[in-house]
Amino acid sequence: MLKSWFNKERLASAMSPILIILMSFLLVSLMMAFVGVNPVTAYVSLFSGAFGSLSGLLNTLTKAVPICLAAIGVAIASRAGIFNIGINGQIAVGAVGTVLVGVYLEGLPAIVHIPLALLAGMFFGVLYALLPAIAYIKKHINLLVIFLLTNTIANKFVTWIIYTKLKDPTLQSTATYKIQASAKLPNLIVSPAKLNIGVFIALFVVVIVYIYFYKTTSGFEMRTCGLNKTAANYAGINTNRYQFIALLAGGALAGLAGGIEVLGTYYRLYDGFSPAYGFDGIPIALLVNGNPVGIIVGSIVFGALRVGSTNMQIQTGVSSELVDVIQGTLITFIALEYIFHFISGKIVSGSFFRKARQKRSSSVRD
Amino acid sequence: MVGRDVHLERSRKEVTAGDTVLEFRNVCYRDVIQNASFKIRSGEILGIAGIDNSGQKELTEMAAGILAPTSGSIFLNGEDVTALNVMQHKKRGVGFIPQDRQHAGLVLGMNIADNLLIGYQRSPEYKVGRIFENKKKVNQDACEKISRYDIRPANANALANNLSGGNQQKVVIARESSRASRLIVADQPSRGVDVGAIELIYQVFSKACKEGKAVLLSSLELDELMMICNRIMVLAEGRVQGIVDGKTSTRYEIGALMLAGREDASDA
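What counts and how
Residues numbered from 1 in each chain as written. Chains lettered and ligands numbered in written order. Predicted model: local features only at pLDDT ≥ 70, side-chain atom pairs only at ≥ 80, totals over all residues. Heavy atoms only, no water. Helix = DSSP H or I, 4+ residues; strand = E, 2+ residues; numbered from the N terminus. Rg over C-alpha atoms; globule rule 2.2 N^0.38 Å. Buried < 20%, exposed > 50% of the residue type's maximum accessible area, 1.4 Å probe, protein only. Contact = heavy atoms within 4.5 Å. Lys, Arg positive; Asp, Glu negative; His and termini not counted. Charge placed at Lys NZ, Arg CZ, Asp CG, Glu CD. Areas by Shrake-Rupley, 256 points an atom, 1.4 Å probe, with all protein chains shown as cover. Buried area = accessible area lost by both parts, 1.4 Å probe. Salt bridge = Lys/Arg side-chain N within 4 Å of Asp/Glu carboxyl O. Polar contact = N/O pair within 3.5 Å; in protein donor to acceptor, adjacent residues only side chain to side chain. Phe/Tyr/Trp six-rings, centres within 6.5 Å; stacked < 30°, edge-to-face > 60°. Lys NZ or Arg CZ within 6 Å of the ring centre and 35° of its normal. Axes fitted to C-alpha atoms, helices over the stretch in contact; angles between N-to-C directions. Parallel < 35°, antiparallel > 145°, perpendicular 65-115°, else oblique. Left-handed = near helix turned anticlockwise from the far one by under 90°. Nonpolar A, V, L, I, M, F, W, Y, C, P; charged D, E, K, R; others polar.

Draft legend 1. Representation of the overall build of chain A. Along chain A, the regular secondary structure elements total 16 helices and two strands. Expected size for 366 residues packed as a compact globule is a radius of gyration near 21 Å; at 22 Å, chain A falls within 12% of this value. The principal-axis extent of the C-alpha atoms belonging to chain A is close to 80 × 60 × 40 Å. Buried residues in chain A amount to 49% of all 366 residues. Pairs at least 24 apart in sequence give 75% of the contacts found in chain A among residues at least 6 apart. Where the 26 positive side-chain charges of chain A centre and where its 11 negative ones centre are 9 Å apart.

Structure, rendered in C-alpha cells:
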C-alpha cells in the first residue's frame, strides 16, 4: 500500500515544488548578499520571528487562514482550467459585505450573527466574481485583463465606501465602525496572541474541497474539464458551467477570507487591510498543483513569511517587502516549472548525474 | 512486427435487412454538409469514403450528438434525436470514437482508469448515492477492459500520455464500444495506430455487428472500407454522392463518385 503510494512519479511531482522554493530562496539570498546582508542571519530571523515563539506561531496561523482560502479559490479555478487572479479584489469586496452585516445588524445572537456576516461576505465575493465570470464564459473576454481591472476597482471601491458611508469619525485612520460584539469570531487562544476559529473554518473548507475533488463525480468532471476542455466537451461535460462555478466558488472563498479577517482579526474594516492575500494564494495553488494538503503547508509557509518579515526588518534591516520579492521569484520559477519537473524527474530516476555518460553512449550507438 | 500472427481479413457478415438504427433525413450543417440522407441498419457497417475534409468529421459528430444539424433530422431507432446532446446520445447507446484521440478522445494527464470512464461517469453503476464516485467499481471495470482489449501497459494507473498511439486508441475504443449498445460511430479509427491495434478495431466492429449493433465508419483508406464495410457511402464536398455495395464495388467506381462533385470530374 505504502509502496504503491510512494512511487517515483509522486516523488518527482513532490520534488519539483521543493526545488522551486529552494531555488527562489537561493536567488533571494544572492540579492541579499549583493546589498551586503548575510542571508543566513536574515533567514534565521525571518523564520524565528514566525515559528520561534508561541505568539509568532499563532500569528502565522492566523495569517495563514485567508491565504489558505485564497489558495483554494485559485486551486478550484485551476482544476477547471482557468487562472483566477481576481481573488484579491473579491476579498476586499467580501469584507465590505461582512462589515455591513457585522456593524448594522443589531441584537442578533452570536450563533446567527457570525454565520450571517460570513455569508454576506461570501455573497459579496460571488457578486463581484459574477461580472468577470459572465464576461469570460459568454463573451470570451480575457480573464487576466478583466481580473486585473476589477482588482483595482475593488480597492478603490472599498476606500470610497469607507470614506463616504461607513467611516468611524473618532478614528484617525480610514476604517469603519467596530462590528457588534455578537459578530466577533470566538478566539481559541487569547494569550500570548489571538487565534480565532477561522483556522477551523479554513480546515473545514479544505476537507470539503478535498472530498469534492477526489471523491465525487462532479469533481471528476471538473478535473476533466481543466485537463482537456475539448475532450470534456466531446464527452458531454458542460465545461462552461464548471468554469463558471469555479469562478464563483473562488469569489465565495475570497469573500469568506475577507469576512474572517474582519470578524476575527481587526473587528472593523481598515482601508487596505489585505496585504495581497489573494496574490499569496496564486503561487501556493500553482506550486502544489491544487493538492489540499500542499495548500495547508504552503499557506502556513506564506503566513510565516508575512509574520517573520517584520522581525527580519527589525533585526537585520532587510525590508519586509523582500517577501514580495520571494513571491515574485517563485512565480517566475513556477512559470518555468516544466524545467524543474524535468530535473526532479531525472534526480528521482537517478539519471541526472549520469546524463553526460548517457549522451555519449547513445551517440556511440547511433 | 507485433509478435504474433495478425489477421486483418474479416469475413463480412451478410446483412439480412435489420431494423434501421440511424437515419439522417436531409441533414445540413452550415455549408459543410448538404442534404445528407441515409440509413444504417442493425448488424451493418456503413463506411464513409471521401477525400479528406469532405465533411466526414461533421457528419460523424452529428451522428454522435456533438454537433447539432442546422437543418434536417436525425433518428435513432425511430426516435428523433436531432436536438439531443452528447450525454443523451450516450445514454441511448451511441459510442463515438473521434478523429483526434489525443485532444478529443483522451485526457492525457489522466490515468487509464479515468480515461475509460470519461463520458460515462454519470451512469448509476459508477456512483455511490447521488454525488460520490464509485472508485472501486471504476478500477474493477478498468482492469476488466484492459485485459479484454489488450491495453499495454496493463496498469490502470498509468497516464494516458505514456501510452503508444495504438494503446491510446485502444483505450478510446474500449470505452466507447463497450458501452455502445446500438451504434458505434468512428472517425478514422485506424489512422496512425499499429497493425495490432487495427486488428483489434476490426474485431470490435465485426463483433458489434454480430451482436446486432450498427457501425458508422469514416476512413480515408479505401482498402479498409472495401474490406470491412457492407456498404460504402461516398461523400464529396459535403454531399452524399452515392452509396455502393462494399463487396462488389471497385476502387474506380468509388473514386469516380469521390470526384463527382468536382467540375473536372468528367476528365477523371
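Draft legend 2. Highlighting the overall build of chain B. Within chain B, the regular secondary structure consists of nine helices and 12 strands. For chain B, whose C-alpha radius of gyration is 19 Å, the value lies close to the compact-globule estimate of 18 Å for 268 residues. Principal-axis analysis of the C-alpha atoms places the extent of chain B at approximately 60 × 45 × 35 Å. With 268 residues in all, chain B has 54% of them scored as buried. Contacts spanning at least 24 positions in sequence make up 68% of the contacts within chain B whose residues lie at least 6 apart. Carbon together with sulfur atoms contributes 47% to the accessible area of chain B, which is approximately 11,900 Å² in total. Considering chain B, the positive charge centre built from 35 side chains and the negative charge centre built from 33 side chains are found 8 Å apart.

Draft legend 3. Quick look at the interface of chain A and chain B. In this assembly, 21 residues from chain A lie in contact with 28 residues from chain B. Of the roughly 1,900 Å² buried where chain A meets chain B, counting both sides, 59% is carbon and sulfur surface. Interface area lost by chain A to chain B is led by Thr217(A), Phe220(A) and Tyr234(A), which between them contribute 37%. Inspection of the chain A/chain B interface yields two salt bridges. Note that Arg122(B) and Glu221(A) form a salt bridge whose closest N and O atoms lie 2.7 Å from each other. The tally of links from chain A across to chain B stands at 10 residue pairs in polar contact (both at pLDDT 80 or more). Secondary structure elements with two or more residues in the side of chain A that touches chain B: helix 8 (198-215), helix 9 (217-227), helix 10 (229-234) and helix 11 (239-266) of chain A. With six residues, helix 9 of chain A is the single largest residue contributor to the side of chain A that touches chain B.

Draft legend 4. Expanded view of the packing of aromatic side chains. Across all of its chains, the model carries 11 aromatic pairs over all chains by this definition. Look at Tyr234(A) and Phe96(B): their rings are 6.2 Å apart centre to centre, the planes differ by 10°, and that puts the pair in the stacked class. Of this pair, Tyr234(A) sits in helix 10 while Phe96(B) sits in strand 6 (residues 94-97), which puts the two residues in different chains. Like Tyr234(A), the residue Phe96(B) is buried in the burial classification. On the numbers, 6.4 Å between centres and 75° between planes, the contact of Tyr266(A) with Phe273(A) is edge-to-face. Three or more aromatic residues joined by ring pairs make a cluster, and in this case those are Phe25(A), Tyr43(A), Phe47(A) and Phe51(A). Against the face of Tyr242(A) rests Arg241(A), its NZ or CZ located 5.6 Å from the ring centre.

Draft legend 5. Geometry of the packing of helix 6 (residues 110-139) of chain A against helix 7 (residues 143-166) of chain A. All names here are of chain A. Axis separation between helix 6 and helix 7 bottoms out at 10 Å; the angle between their running directions is 160°. It follows that helix 6 is roughly antiparallel to helix 7 by the angle criterion. Seen along the crossing, helix 6 lies across helix 7 with a hand that is right-handed. Residues Tyr128, Pro132, Ala135 and Tyr136 of helix 6 touch helix 7, and the partners they reach there are Leu143, Ile146, Phe147, Thr150, Ile153 and Ala154. Of the residues assigned to the contact of helix 6 with helix 7, the class counts are nine nonpolar, one polar and no charged.

Draft legend 6. Looking closely at unusual backbone geometry. Omega for the peptide link from Ser191(A) to Pro192(A) comes to 5°, which places this bond in the cis form. Structurally, Pro192(A) is set in the loop between strand 1 (187-189) and strand 2 (195-196). Following Arg152(B), the chain continues to Pro153(B) via a peptide bond in cis, the omega torsion being 0°. For Pro153(B), the location among the structural elements is in the loop between helix 5 (135-148) and helix 6 (165-179). One non-glycine residue, His140(A), adopts positive backbone phi at about 55°.

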